[in-house]
Amino acid sequence: MILSSVLPPGVNGCDVAHSICGAHAPGDVVIGIMLPCHHKVKGINERIRPENFLCSFDLQSFLKSLAIIHEIEEINASGFLPGVHLGYMLCDTCSYASKALQDVGHMLEVNNTLNVKCDYTDFRPTVKIILGALYSEESIALARLLNVYMVPLLSATSSSPELSDKLRYPVFLRTIPSDSHQTKAVAKLLHHYNWNWVGVVYGDDDYGKAAYESFLKDAEANDVCVAYRKVLPHNLDDSDLREGIQQVAQQIRSSSAQVVLLILKRSLVEVLFKEMIRTNTSRIWIASDVWSRSSSLATIDDINKVGDILGFTFVASKSESFDNYLKNLTATPGGYNYFIEEYKNLRFNCSSECFSNNPPSHCASPELLKIRSGNACNVKDPQEQNDDYLVTAVDTSETFLSKVAVWAVANALKKLLKCNSSSCAGEINFPPWEKVNFTFANQNFYFDENGDFVNGYDLIIWEKYGQHRRFRRIGKYHVLRQQVELDPQSRCSASCPRGWVKKILNVSCCYNCTQCKKCPNGTWSLKGWDHCKPRWDSYIRWSDPHPITQLSAAAFGIFLLLVIFIIFLVYRDSLPMKRAEVRLSIVMMAGLAVSFASVMCYMGRPSVHLCRARQVMYAMGFTLCVSSILVKAYRTFLVFLPFGQIVNRRLHKCYNPPVIVTVITTLQGIICLLWMILDSPHVSYIPPSPQSMKNLIQCSEGDTYIGFATMLSYIALLAFIGFLLAYKGRKVPHEFSETGYIIFSMLMYLFVWVCFIPIYITNRERGTPTQASAILVSSYGIIFCHFLPKCYEALCGSKTDTLERILRRWRVVSSGNV
């Protein structure tokens, strides 16, 4: 193995790359450091024996451990504790609670053993305090165990509210505020920008659950509603993780919530962001402290595609001395640091075969291979090399509170060991459980009664920086005042005046001011208005001029049909009425009367019953009418067109008016029945546009409109067949002029409905009155073409020849004889 071959032997029999404690420096007082120089425990689901934990190197966590070591060296060099030399023991937790518990046993052992006792009052471990852990999940597990020995645990990153419970975690302290403050800060931020509809994704660890429960309370207090909540397994090796990420991504894409709060570990956010980038999904992301300053996330390929990112982060500050330390990285004199050796091998070891198409199994992951220097293959000894990579690749200001934790310990020791400017008179081998109060000199940091710092948060935005992101402070959250304060120079928009509202732009903290006024429920205000009015429902009202005109036309049509019916009965024995077939004409009148009556169902407030009744009435009524016209056209077709004897006999055999009318109308009835069952018309409520005061209520002819189209197409087919039959007999004698009326009425019907369809499709709001008008026009067309001419002939007397004479003359002409 390339890496292991260049590293020194392991500690306590462990493989070096995964040793229990990989860095150590002796001292009078030893500080334990419990941080993950590695993360992503491999194969955790398959681990059935108590073997070593296999992890992957993590640059950002490694930097935090270096910050603590550097600060310990700085304290020793400054003489802050005269005559007392601080040592350290750094154990790698791999960001996994079980691994952290394994480390504690090694860290607290005396004479290479940790005996079980009933009373640990006289217990004197070498390590007097432990700094860590990184995640709350680990700190909770460690604090429960350390309660047994009363060894203090001081964290600069674990923020779970649960750890503030001094009854359960008396040994735990931290140099950051509790997440109970952070969730208040997030809720205040959402309220500030009027983002009241947000999604939440959190991990199923103690940190994620506690933070989510805390956020729910704070969100409700700030009028922020949770659109959805999704939980992700916190273990990256979980087989359900990929499926969980897919489900979360689908929820984010399908939800209308444009703001998403992520209470997740950095590694989970990385997987989720890569899925968002793959699916080209952009949102406004609110970062929890765990990943809000993650340099590795800020440099993901195509990170700019995910959208805007804001987050609250703990107070941060650059240190020139720490940056110089990183540029000249070496183990503490008299001690060892295998993690530095591992980093230098990743950075300066050539390993050219690892960049081939088929790299050996011992090679690091592609992500870690990015650490390698471009000059690595020209280096003889990687351990002798240094450069400024750590300063430029990682945000070193993020380690500030880790250094504060070291100085807090130093101040406590100074008081405990009774140090003055020249010496420390106290007992060095003090019990770790002895308590003292301490302050951090010349700083505005202090612990509250729960052992938490209350120094507040910085609000940062991830601004675009080329292909990546960088962090810019735009404000602060004051814990004691519970107030978000934006930096004046960070505002890209002026405050909106009274009566105006913020309209967020593509940058999260920027907005335009749109004139608006919040209206009570049920009312609305248009742009430029200074008052609110209730929106009104729009439908065809009985009292409007257009509906009154249509109703008058329908009523007059029914009245006209009644008059025509009386005339037909009175003059039923006259030649014009006989040629018009009185019985078929009465059937036509009945169908037209039903069509006229259907127009009344288009008026008034729509209901499901009216929506169905108007379509069925028109379909059945007009089909009955057109089927009768079709019979008339067929009769003319048979009488006046010569055929062979056999064809003539067959065609005449098919002529049975009652059967034809019944079959055609029944088929339409079946179409309507299937339509009502499978895709029935219903009332449609169309939401108004922001600049409209009108709620449009109208009938929808079904979800797919297939039934509506089939019904109209069936009538159109009948009309077209009737037109063709009449057209074939257009040269019949002038006296027998029924064919001309049929041709004209069917053409009128087809023309009217061909004009109706485009209007109905392109202007749904005018669809209802247009359809009613189409029914009236086509119905009146049949009255004027079929009935009024016959009434005129009957009333004024017909001067035409009898049917027998007309037929006789037609036969003579058609046979070619004079």
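As the structure is a computational prediction, the values presented were derived from the model and not from experiment. (Residues numbered from 1 in each chain as written. Predicted model: local features only at pLDDT ≥ 70, side-chain atom pairs only at ≥ 80, totals over all residues. Heavy atoms only, no water.)

### Considering the overall build of the protein
Here comes step 1: Looking only at helices and strands, the protein features 24 helices and 24 strands.
Here comes step 2: With 818 residues in all, the protein has 52% of them scored as buried.
Here comes step 3: Surface accessibility of the protein: about 38000 Å² in total, with carbon and sulfur atoms responsible for 56%. (Helix = DSSP H or I, 4+ residues; strand = E, 2+ residues; numbered from the N terminus. Buried < 20%, exposed > 50% of the residue type's maximum accessible area, 1.4 Å probe, protein only. Areas by Shrake-Rupley, 256 points an atom, 1.4 Å probe, with all protein chains shown as cover.)

### As for the sheet that holds strand β10 (residues 225–232)
Here comes step 1: Strand order across the open sheet formed by eight strands is β10-β9-β11-β12-β13-β15-β16-β17, with mixed pairing between neighbours. Bordering the open sheet on either side are β10 and β17 (483–486), each of which pairs with just one other strand. Within this sheet the neighbouring strands show an average axis-to-axis angle of 25 degrees, counted without direction.
Here comes step 2: Bridge analysis of strand β11 (residues 259–263) against strand β12 (residues 284–287) gives four bridges, and the strand direction is parallel. Opposite V259, over in β12, you have I284 as the bridge partner.
Here comes step 3: On the sheet, helix α7 (residues 241–254) packs against β9 (197–203), β10, β11 and β12 and is oriented at approximately 165 degrees with respect to β10. (Pairing = 2+ DSSP bridges. Axes fitted to C-alpha atoms, helices over the stretch in contact; angles between N-to-C directions. Contact = heavy atoms within 4.5 Å.)

### Comments concerning the packing of helix α2 (residues 59–78) against helix α11 (residues 338–348)
Here comes step 1: Remark: α2 packs on α11, axes separated minimally by 11 Å, with the N-to-C direction vectors making an angle of 140 degrees. Taken together, the axes of α2 and α11 are oblique relative to one another. Between α2 and α11 the crossing geometry is left-handed. Seen from α2, the contacting residues are L59, F62 and L66; seen from α11, they are F339, I340 and Y343.
Here comes step 2: Residues belonging to the contact of α2 with α11 are distributed by class as follows: six nonpolar, no polar and no charged. (Parallel < 35°, antiparallel > 145°, perpendicular 65-115°, else oblique. Left-handed = near helix turned anticlockwise from the far one by under 90°. Nonpolar A, V, L, I, M, F, W, Y, C, P; charged D, E, K, R; others polar.)

### Overview of the pairing of strand β5 (residues 86–92)
Here comes step 1: By the criterion of burial, β5 is predominantly enclosed, with seven of the seven residues buried.
Here comes step 2: Neither face of β5 is open: one carries L86, Y88, L90 and D92, the other G87, M89 and C91, and all of them are buried.
Here comes step 3: Across four bridges, the pairing between strand β1 (residues 21–25) and β5 is antiparallel. The residue bridging A25 from the neighbouring strand is Y88, located in β5.
Here comes step 4: Judged from the seven bridges that link them, strand β2 (residues 29–35) and β5 form a sheet pairing that is parallel. Bridge pairing links M34 to C91 in β5.

### Thoughts on the sheet that holds strand β6 (residues 127–132)
Here comes step 1: An order of β8-β7-β6-β2-β5-β1-β14 is seen for the seven strands of this open sheet, with the pairing classed as mixed. Bordering the open sheet on either side are β8 (172–174) and β14 (336–337), each of which pairs with just one other strand.
Here comes step 2: On the sheet, helix α14 (residues 400–416) packs against β2, β5, β6 and β7 (153–155) and is oriented at approximately 155 degrees with respect to β6.

### Topic: the UniProt feature "transmembrane region" (unreviewed entry) in the protein
Here comes step 1: Per the UniProt annotation, the sites labelled "transmembrane region" (unreviewed entry) are residues 551–571, 583–605, 617–643, 655–678, 705–727, 739–760 and 772–789.
Here comes step 2: In residues 705–727, the share of helix is 96% and the share of strand is 0%. The end C-alpha atoms are 32 Å apart. (UniProt positions renumbered as here; feature names shortened; annotations may be inferred.)

### A short note on the pattern of salt bridges
Think of it this way: side chains of opposite charge can pair up when their charged atoms draw near.
Here comes step 1: Under the criterion given, the structure shown has 19 salt bridges.
Here comes step 2: Here R168 and E162 are joined by a salt bridge, their closest N and O atoms 3.4 Å apart.
Here comes step 3: In this structure, the salt-bridge partner of D395 is R293, at a minimum N-O distance of 2.4 Å. A residue pair is termed long-range when its members are at least 10 positions apart, and D395 in the loop between α13 (389–393) and α14 and R293 in the loop between β12 and α9 (295–298) qualify at 102 residues. Of the two residues examined, D395 and R293, each falls in the buried class.
Here comes step 4: Through salt bridges with shared partners, a single ionic network connects R144, E162, D165 and R168. (Salt bridge = Lys/Arg side-chain N within 4 Å of Asp/Glu carboxyl O.)

### Quick notes on the packing of helix α17 (residues 582–599) against helix α23 (residues 767–796)
Here comes step 1: Viewed as axis vectors pointing N to C, α17 and α23 meet at an angle of 155 degrees, and their least axial separation amounts to 9 Å. With respect to their mutual orientation, α17 and α23 come out roughly antiparallel. When you trace α17 past α23, the crossing you get is left-handed. Of the residues in α23, those touching α17 at S585, M588, M589, L592, S595, F596, S598 and V599 are A772, I775, L776, S779, Y780, I782, I783, H786 and F787.
Here comes step 2: Along the lines of polarity and charge, the residues of the contact of α17 with α23 split into twelve nonpolar, five polar and no charged.

### Focus on the pairing of β11
Here comes step 1: Of all five residues in β11, five are buried, a share of seventy percent or more.
Here comes step 2: Of the two faces of β11, the one lined by V259, L261 and I263 and the one lined by V260 and L262 are each fully buried.
Here comes step 3: Of the pairings in the sheet, the one linking β9 to β11 comprises five bridges and is parallel in character. The residue bridging V201 from the neighbouring strand is L262, located in β11.
Here comes step 4: What joins β11 to β12 is helix α8 (residues 266–278), and the crossover it makes is right-handed. (Right-handed = clockwise from strand over helix to strand, strands pointing away.)

### A few points about α11
Here comes step 1: In terms of residue burial, α11 counts as a mostly covered element, since eleven of its eleven residues are buried.
Here comes step 2: Every buried residue belonging to α11 is among Y338, F339, I340, E341, E342, Y343, K344, N345, L346, R347 and F348, and all of these are buried.
Here comes step 3: Where α11 begins, one side-chain oxygen reaches toward the backbone nitrogen of F339, 3.0 Å away; that side chain belongs to N337. (Polar contact = N/O pair within 3.5 Å; in protein donor to acceptor, adjacent residues only side chain to side chain.)

### Remarks on unusual backbone geometry
Here comes step 1: Along the chain, G132 connects to A133 via a cis peptide bond; the corresponding omega equals -5 degrees.
Here comes step 2: In this structure, A133 sits in the loop between β6 and α4 (136–149).
Here comes step 3: Positive phi outside glycine occurs at N194, with the angle close to 60 degrees.
Here comes step 4: As for its position among the elements, N194 is in the loop between α5 (179–192) and β9.
Here comes step 5: One non-glycine residue, N280, lies in the positive phi region at around 55 degrees.
Here comes step 6: Note on placement: N280 falls in the loop between α8 and β12.
Here comes step 7: Classification of N280 by relative accessible area gives exposed; the value is 59%.

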